[in-house]
Amino acid sequence: MLSCDIGNYDSVQSKLKLCGFPITFCELEGFVSGIMCKDQSLALNVYMDYVQEYLLNDISFDNKQEDFLKSILNQILKSFRNKTTFFEPTFPSDISQKKRAIVDWINSFLSGFGVVPSTIDFSKATNDLLKDLYEISQLDVNEKIDSTEEISLMREVVEHIKVIISYLQLEFNNDAKQ
């Protein structure tokens, strides 16, 4: 979960809207996480370029948007690069919003993962894990979560996502291979 330098999920989401970003925090974090799984050595300005292209194409950010986006990216990068803990995706605490957020996070993660070129062939395990993510992204987000069993299942899905991220980090991160 994102450390509190920039706030909790709801406050970050509100700030994104106030700054005029056409994206949710789950989508932004998922996209950047996908990039990070492929290449953790990129400089902040490279992530900014990827995000700008993902969000707005040729439209430039104003200073307020750029500063806020940099603070969010720095927090995500710091959380991802922390060697003492595993990265944990950030989702809303409201269970009714969580399923949509998970699907948005995964779709954005896959976009970020795909945007970074790779010189290695994907292993069978990597392909299987990417297929798992794709299958999770096909959840029916309009179906209500109304039982303890479904809430438990959502927790398991989030844990599975964390395992996949950890594996992909090790598979593609140059620092981890040395």
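Relevant structure appears above.
Remember, it's a predicted structure, so these values are computed and weren't measured experimentally.

**Some details on the packing of aromatic side chains**
Tallied over the full model, the rule gives 8 aromatic pairs. Ring centres 3.9 Å apart and planes at 10° place the aromatic pair Phe31 and Tyr54 in the stacked group. Separated by 23 residues along the polypeptide, Phe31 in helix α2 (residues 25-38) and Tyr54 in helix α3 (residues 44-56) bring together distant segments of the chain. According to the relative accessible area criterion, Phe31 is buried, its value standing at 3%. Among the aromatic residues, those joined into a cluster by ring pairs are Phe91, Trp105, Phe109, Phe113, Phe122 and Phe172.

**Concerning the pattern of salt bridges**
The tally for this structure, following the rule as stated, stands at 5 salt bridges. Among the ionic pairs, Glu66 bridges to Lys70, the shortest N-O distance being 3.1 Å. One end of the pair is Glu66 and the other is Lys70, both in helix α4 (residues 63-81) and 4 residues apart, which spans about a single turn. With relative accessibility at 26%, the residue Glu66 sits in the partly exposed group. Residue Lys70 is classed as partly exposed on the basis of its relative accessible area, which comes to 29%. With a shortest N-O distance of 2.9 Å, Asp128 and Lys124 are connected by a salt bridge. Here Asp128 pairs with Lys124, and both are found in helix α6 (residues 124-136), just 4 residues apart, close to one helical turn.

**Notes on the environment of Tyr47**
With respect to the helices and strands, Tyr47 occurs in helix α3. Beyond its immediate sequence surroundings of up to four residues, Tyr47 is in contact with Val32, Ile35, Met36, Asp39, Gln40, Leu42, Leu73, Leu77 and Arg81.

Rules used in this analysis
Each chain carries its own residue numbering, running from 1 in the written order of its sequence. Local features in this predicted model are restricted to residues of pLDDT 70 or higher, and side-chain atom pairs are both shown and tallied only at a pLDDT of 80 or more, whereas totals for entire chains, interfaces and linings draw on every residue. Note that the side-chain values use all heavy atoms of the structure and ignore hydrogens as well as water. Between rings of Phe, Tyr and Trp, where Trp is taken as its six-membered ring, a pair exists when centres lie within 6.5 Å; planes separated by under 30 degrees are stacked, by over 60 edge-to-face, and by other angles tilted. Helix and strand labels come from DSSP, where a helix needs a run of H or I of at least four residues and a strand needs a run of E of at least two; each type is numbered from the N terminus. Think of it in three bands: residues with accessible area under 20% of the maximum for their type are buried, residues over 50% are exposed, and the middle band is partly exposed, with areas taken using a 1.4 Å probe on protein chains only. For salt bridges, the criterion is a side-chain nitrogen of Lys or Arg within 4 Å of an Asp or Glu carboxyl oxygen. Between two residues, a contact is recorded if the distance between any of their heavy atoms is within 4.5 Å.

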